[in-house]
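Secondary and tertiary structure notes
The chain contents come next:
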Amino acid sequence: MPYDPNRADPAYLPDPERYERMPYRRVGSSGIQLPAISLGLWQNFGDDRPLAGNRAILRRAFDLGITHFDLANNYGPPYGAAEKNFGRIFSEDFRPYRDELIISSKAGYDQWPGPYGDHGSRKYLLASLDQSLQRMGLDYVDIFYSHRFDPDTPLRETMGALDAAVRQGKALYVGISSYSAARSEEAIGILQELGTPLLIHQPSYSLLNRWIERGLLDVLTRHGVGTIVFSPLGQGLLTDRYLDGVPEDSRVRRGEAFDESLLSEEALTRVRDLNEIAQRRGQSLAQMAIAWVLRDPAVSSALIGASSVSQLEQNVAALENLDFSASELEEIERHAQDSSINIWAPSSDA
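To start, this report covers the structure provided alongside it.

The rules behind the values
- Residues numbered from 1 in each chain as written.
- Predicted model: local features only at pLDDT ≥ 70, side-chain atom pairs only at ≥ 80, totals over all residues.
- Heavy atoms only, no water.
- Helix = DSSP H or I, 4+ residues; strand = E, 2+ residues; numbered from the N terminus.
- Rg over C-alpha atoms; globule rule 2.2 N^0.38 Å.
- Buried < 20%, exposed > 50% of the residue type's maximum accessible area, 1.4 Å probe, protein only.
- Contact = heavy atoms within 4.5 Å.
- Polar contact = N/O pair within 3.5 Å; in protein donor to acceptor, adjacent residues only side chain to side chain.
- Pairing = 2+ DSSP bridges.
- Right-handed = clockwise from strand over helix to strand, strands pointing away.
- Phe/Tyr/Trp six-rings, centres within 6.5 Å; stacked < 30°, edge-to-face > 60°.
- Expected span 1.5 Å × (residues − 1).
- Axes fitted to C-alpha atoms, helices over the stretch in contact; angles between N-to-C directions.
- Salt bridge = Lys/Arg side-chain N within 4 Å of Asp/Glu carboxyl O.

Now for the overall build of the protein chain. Each helix and strand in the protein chain was counted, giving 12 helices and 10 strands. Compactness check: the protein chain gives a C-alpha radius of gyration of 19 Å against a globular reference of 20 Å for 350 residues, within 12% of the reference. Expressed as lengths along the three principal axes of its C-alpha atoms, the size of the protein chain is roughly 55 × 50 × 40 Å. Every one of the 350 residues in the protein chain was classed for burial, and the buried ones make up 58%. Partitioning the intrachain contacts of the protein chain with sequence separation of at least 6 by distance along the chain shows that 75% fall at a separation of at least 24.

In structure tokens:
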């Protein structure tokens, strides 16, 4: 049902045992720890979903020990709606717990018309951050990201904007997303020179999208930069929804994910084989996919979405079995192959 600001709603009191339920991992060589599972608001938090459902998901996430909520300027629909809706819920439920939360936002993709509402210029990034803070009702974000590499803007300008955000008190830390290994190393050097070290990189990573293993993780580990991976479920491919083909109501059919032509019978066979391994482990395919990306200690957190409280709880239950035997990893390796679903490759390959 639509959100009614006048309806009675009990004051939110977090579960006092929330920190006993969630393991926390160090972010690179920094002093920050993130929950092993973080919640992203990329999908399901726009104006097309009831605010009451958003509130229930966010409350349950915090009760489960999820202290990190990840947003971006253009999450919606429409653009900005996820930040606006999060801001309303934050104001009513989470403001007393602001110092227990890591809240992040990003800028880099199209947000408003004209030449100053996209990519990586200083003007765009800092203006976007101001707008994000206003929508969320925050004085600062904990992490501000460059959402993608911009080949048409000098990297020094983009990194200088991140540095300025910290110096202006509008962000505590900075991050980058979907940058290649080479571009990441360049960004790290510029930020070190400016005096604002890179905290974290946010790349896509899953059993079927393994590009970060080809050099990026080595760069980040060598420089003490943390990694939070997004889309560990391969945009839904690594769930039970595709075991029998492509559902008519899926994000792929709606044109909201990778092209359906990439879902070959060979790819779907790999998904079914991986599901059989998960079943033997006593997990759903989604749970095993999340556990698998967390197998590497270089990964600080797995960023998941949720369309319901029950889906959130099922995915967080992946933490109940994070251990893999050598034989399981060997068997998974035979089926966990890149399947051309990295739709962020224009940035990560640049």
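Back to the write-up after that little detour.
Mapped onto the elements of the fold, E333 is located in helix α11 (residues 326-335). Each C-alpha atom of the pair E333 and L207 lies 8.7 Å from the other, and the pair is 126 residues apart in sequence. Within polar-contact distance, the side chain of E333 engages the side chain of R210 at 3.1 Å.

With six of its six residues buried, strand β6 (residues 141-146) lies for the most part within the structure. Taken together, the four bridges between strand β5 (residues 102-107) and β6 define a ladder with parallel strand orientation. Across the sheet, residue S104 finds its bridge partner in β6, namely I143. Between the parallel pair β5 and β6, the chain is carried across by helix α4 (residues 122-136), and the sense of this crossover is right-handed. What joins β6 to strand β7 (residues 171-177) is helix α5 (residues 155-167), and the crossover it makes is right-handed.

Here we take up the environment of V316. By the element assignment, V316 lies in helix α10 (residues 309-316). Residue V316 is classed as buried on the basis of its relative accessible area, which comes to 10%. The contacts of V316, once residues within four sequence positions are left out, are M22, I37, L64 and I66.

It is worth spelling out the packing of aromatic side chains at this point. For any pair of aromatic rings, geometry is given as the distance between the ring centres together with the angle between the planes. As enumerated under the stated definition, the model contains 13 aromatic pairs in all. Between Y12 and F94, the aromatic rings sit 5.4 Å apart at their centres with planes inclined by 65°, giving edge-to-face as the arrangement. On the criterion of sequence distance, the pair formed by Y12 in the segment before α1 (18-21) and F94 in helix α3 (residues 81-94) is long-range, its members being 82 residues apart. Comparing Y12 with F94 shows no difference in burial state: the two are buried. With a centroid separation of 5.4 Å and 35° between ring planes, the pair formed by Y205 and W292 is classed as tilted. Here Y205, found in the loop between β8 (198-202) and α7 (216-222), pairs with W292, found in helix α9 (residues 285-293); they are 87 residues apart in sequence, far enough to count as distant.

Residues separated by three or four positions in an α-helix point in the same direction, a consequence of the helix having 3.6 residues per turn. In this model, helix α2 (residues 51-63) (13 residues) spans 18 Å end to end at C-alpha, consistent with the 18 Å of a helix rising 1.5 Å per residue. The complete set of buried residues in α2 reads L51, N54, R55, I57, L58, R59, A61, F62 and D63. In this structure, the buried residues of α2 make contact with α1, β3 (37-40), β4 (68-70), α3 and α10. G65 occupies a position one or two residues after α2 and carries a positive phi of about 95°.

Attention shifts here to helix α8 (residues 265-280). The terminal C-alpha atoms of α8, which comprises 16 residues, lie 23 Å apart, in line with the 22 Å expected from a rise of 1.5 Å per residue. Those residues of α8 lying buried are A267, L268, R270, V271, L274, N275, I277 and A278. Looking at the packing, one finds that the buried side of α8 touches α9 and α11. Backbone geometry just downstream of α8 places G282 in the positive-phi region, at approximately 80°.

This part takes up the sheet that holds β6. Around the barrel, eight strands lie side by side as β3-β4-β5-β6-β7-β8-β9-β10; this closed barrel has parallel pairing. The average angle at which neighbouring strand axes cross in this sheet is 30°, direction not considered. Examined bridge by bridge, β3 and β4 share two bridges and lie parallel to one another. Following the sheet pairing, G40 is matched in β4 by D70. Each of β3, β9 (226-230) and β10 (299-304) is contacted by α9, which is oriented at about 150° to β10, the strand it contacts most.

Counted according to the given criterion, the structure contains 24 salt bridges. The salt bridge involving R59 is made with D93; its shortest N-O contact spans 2.9 Å. Residue R59 is located in helix α2, and its partner D93 is located in helix α3; the two are separated by 34 residues in the primary sequence. Summarising the burial analysis for this pair, R59 and D93 share the class buried. For R210, the salt bridge is made with E333, and the minimal N-O distance between the two is 3.1 Å.

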